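Each chain is listed here by its residues.
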Amino acid sequence: MSKKTQVFAANLYKLSPPPHSLQSGIGVSSQLMIDFRSDTVTRPTPGMLEAMMKAPVGDDVFGEDPTINQLESMSAELFGMEAAIFCPSGTMTNQIAIKCHTQPGDEVICEKLSHIYQYEGGGIAFNSGASVRLIDGDRGRITAAQVRENINPDDVHKPVSTLVSLENTGNRGGGSCYNFSDIQEIKEVCLQNKMKLHLDGARLFNALVAKNETCKQYGEVFDSISICLSKGLGTPVGSVLIGTRDTIKKARRIRKIFGGGMRQAGYLAAAGIYALENHVARLADDHRHAQQIKTALSGKDFVGEILPVETNIVIFEVKGRYTAASLAALLKEQGIYVMAISPKQIRIVVHLDIRPEDVQRTIDTINTL
Ligand SMILES: *Cc1c(COP(=O)(O)O)cnc(C)c1O
């Protein structure tokens, strides 16, 4: 272990007691791992921790936490929408939105790889009693024509199509971004058919930075938007659901029923305010790092198809002498954590805690394989 690595490890340890090993059973050496498994693994920066410690707080179920109130009004304003609500997770903001926009028996239209369908534990059925119409899209993205084809006719045999949910960036699409004009076309179809349009924007800020778009553009077309603060933006906890005053009023009731009413959670909201002010523009660094890793992988004899890298995610196919699992295990021995997301695919997610020297070490390691 180099002196520099030791100092880095010591600083990390100081910043985040108790050590990761206590929570995950991974072992103390995990402090030295380069962790590309997800952009959720970040620890708060010193500046963020300071903002959290200074936060004025109150009981948010009484509406009395000034820092949460500030985060909610700031988020609504950012998107040019009427209101917002702070929640513990992106799963909760998505599930609350679906509950707000549907009745039991309705149908939600989304892409087949959507987080709301694949990774929220069947919550659409469990929480909302709604069915799902899955669309076979392009790297997680769907088109207005596909939405139109999948809206049920007004027929007593059919579930009522009431909601379209999009994901931007698309997680399983490898951080894919929509063209905004495609979203506008989907919005038109929704308006013509009296359907609501929700955005799972867990990584929306990555898309905004990559495509040079604005929050306000999105606020104009969506009925509700969920953003995650604990992904690329680097907070320990939290997501925000943004929408109309009526939707958010309803959302507040549903959040309570889901058990998501928190008390002095302003300490967490302070991290969110800090992240929105300080960690958005820097997402471009993550995108550059992802490109560098992609370039290192390109043309290697054990690498098959690499999905186009548009933001902070690199998904590639493993072929030849490795399987996704064996390559992930080999990289782990070299101090690099990646995720095998299928027997043949590995996902690398770049984030706030990945430094340029980590990217270089990763590239050097790839070149030895
Ligand atoms: C992470 C993520 C969420 C929310 O996940 P939580 O872990 O519940 O915060 C929602 N949608 C997408 C696309 C995600 O990647």
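Data block above holds the structure.
An account of the accompanying structure is given in this report. (Residues numbered from 1 in each chain as written. Predicted model: local features only at pLDDT ≥ 70, side-chain atom pairs only at ≥ 80, totals over all residues. Heavy atoms only, no water.)

A look at the site of the ligand
The full set close to the ligand counts 13 residues, and Gly90, Thr91, Asp200, Arg203 and Lys231 are the nearest of them. Within the contact set of the ligand, an oxygen atom lies 2.8 Å away from a backbone nitrogen or oxygen of Gly90. In the environment of the ligand, an oxygen atom lies 2.6 Å from a nitrogen or oxygen atom belonging to the side chain of Thr91. Against a free-state accessible area of 380 Å², the protein chains account for coverage of 83% of the ligand. (Near = heavy atom within 4 Å. Polar contact = N/O pair within 3.5 Å; in protein donor to acceptor, adjacent residues only side chain to side chain. Areas by Shrake-Rupley, 256 points an atom, 1.4 Å probe, with all protein chains shown as cover.)

Describing the environment of Thr295
With respect to the element layout, Thr295 can be found in helix H14 (residues 283-297). Owing to a relative accessible area of 56%, Thr295 belongs among the exposed residues under this scheme. Through-space distance from the C-alpha of Thr295 to that of Ile306 is 10.0 Å; in sequence the pair is 11 residues apart. (Helix = DSSP H or I, 4+ residues; strand = E, 2+ residues; numbered from the N terminus. Buried < 20%, exposed > 50% of the residue type's maximum accessible area, 1.4 Å probe, protein only.)

Points about the nonpolar core
Side chains that are nonpolar tend, in soluble globular proteins, to be buried together. Counting residues in each nonpolar core, the largest one holds 50 residues, and the members touching the most others are Phe79, Val164, Leu166, Ile186, Phe205 and Tyr218. Apart from the residues lying within four places of it in its own chain, the contact partners of Phe79 are Leu204, Phe205, Cys215, Lys216, Tyr218, Gly219, Ile225, Ile227 and Ile242. Grouped together as the second largest cluster of nonpolar side chains are 28 residues, Phe302, Phe316, Tyr322 and Val338 included. (Core = buried A, V, L, I, M, F, W, Y, C linked by side-chain atoms within 4.5 Å. Contact = heavy atoms within 4.5 Å.)

A short note on the packing of aromatic side chains
Under the criterion given, the structure shown has 4 aromatic pairs. Summarising the aromatic geometry, the rings of Phe79 and Phe205 are spaced 6.2 Å apart at their centres and angled 70 degrees between planes, so their arrangement reads as edge-to-face. Taken together, the residues Phe79 in helix H4 (residues 66-79) and Phe205 in helix H10 (residues 204-211) connect sequence positions 126 residues apart. Neither Phe79 nor Phe205 differs from the other in exposure class; each is buried. (Phe/Tyr/Trp six-rings, centres within 6.5 Å; stacked < 30°, edge-to-face > 60°.)

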